[in-house]
Amino acid sequence: MWRLSHVWPQVSNADMQLFVIRHAVAEDLAAGRDDASRDLTADGRRKLRRSVEGLRRLDVELARVLTSPWKRAAETARHLAPIARSPPVATSLLTQPPGAELLALIGERGESTAVVGHEPWLGELVAWLAFGATRHGEAIVIKKAGVVWLEGSATPGGMRVRASLPPKLLRAIG
């Protein structure tokens, strides 16, 4: 079986590993309901568990997890517990377009980190980190419970895209 551990030795120790994760499938937005309070669906939770198992089988280990405080993202982040060394930390910086404050938070420790949040902001974050401009965010497709793996420095244009892992692939691995 192929594992990320086969490529870990090729990854520079000086580079941080960033896993950008979109929340799993959530309930539809109902009239009069706050978007931030939407739960994951039962099917979304089931598929997410299998995706996390795929990440575990690829030997992904997260030193920390940053998450949007919105319910569906926070629940997604909690499901990462089998591969995370610490509980998720919520930040409202993941509920808005990415800015310098978010990059500083992501890069403050330089260790394997996951961010769990929402589109279109995650696509903008990946574009900013990989290409130096958020305007290319619409070109980055992150499906629900999908992962983009970046490596480098948490500065605009300072990271490389190592992999885009759609949830269907992660579930097949898991």
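Residues numbered from 1 in each chain as written. Predicted model: local features only at pLDDT ≥ 70, side-chain atom pairs only at ≥ 80, totals over all residues. Heavy atoms only, no water.

**Details of the side chain of glutamine 17**
Step number 1: Structurally, the position occupied by glutamine 17 is in strand β1 (residues 16–22).
Step number 2: Within the structure, glutamine 17 has its side chain in polar contact with the side chain of tryptophan 149 (distance 2.7 Å). (Helix = DSSP H or I, 4+ residues; strand = E, 2+ residues; numbered from the N terminus. Polar contact = N/O pair within 3.5 Å; in protein donor to acceptor, adjacent residues only side chain to side chain.)

**What about helix α2 (residues 71–78)?**
Note on helix geometry: an α-helix contains 3.6 residues per turn, so any two residues three or four positions apart are oriented the same way.
Step number 1: For α2, the buried fraction is high: six of the eight residues fall into the buried class.
Step number 2: For α2, the full list of buried residues reads Arg72, Ala73, Ala74, Glu75, Thr76 and Ala77.
Step number 3: Buried residues belonging to α2 abut β1, α1 (42–57), β2 (64–67) and β4 (113–117). (Buried < 20%, exposed > 50% of the residue type's maximum accessible area, 1.4 Å probe, protein only. Contact = heavy atoms within 4.5 Å.)

**As for the nonpolar core**
Step number 1: Of all hydrophobic cores here, the largest spans 25 residues; its most connected members are Phe19, Leu62 and Leu80.
Step number 2: Breaking this core down by element, the ones donating at least two residues are β1, α1, α2, β4, β5 (147–152), β6 (159–165) and α5 (167–173).
Step number 3: Broken down by element, the residue count for this core peaks at three residues, all from α1.
Step number 4: Contacts of leucine 62, omitting those with residues within four sequence positions, involve Phe19, Leu80, Ile83, Ala84, Arg85, Ser112, Thr113 and Ala114.
Step number 5: Residues Leu102, Leu125, Ala127 and Val148 belong to the second largest nonpolar core, which totals 22 residues. (Core = buried A, V, L, I, M, F, W, Y, C linked by side-chain atoms within 4.5 Å.)

**Quick notes on the environment of proline 166**
Step number 1: Looking at the secondary structure, you find proline 166 in the loop between β6 and α5.
Step number 2: Taking the relative accessible area as the measure of exposure, proline 166 reaches 34% and is therefore partly exposed.
Step number 3: Considered as a pair, proline 166 and arginine 78 are 88 residues apart in the sequence and their alpha carbons are 19 Å apart.

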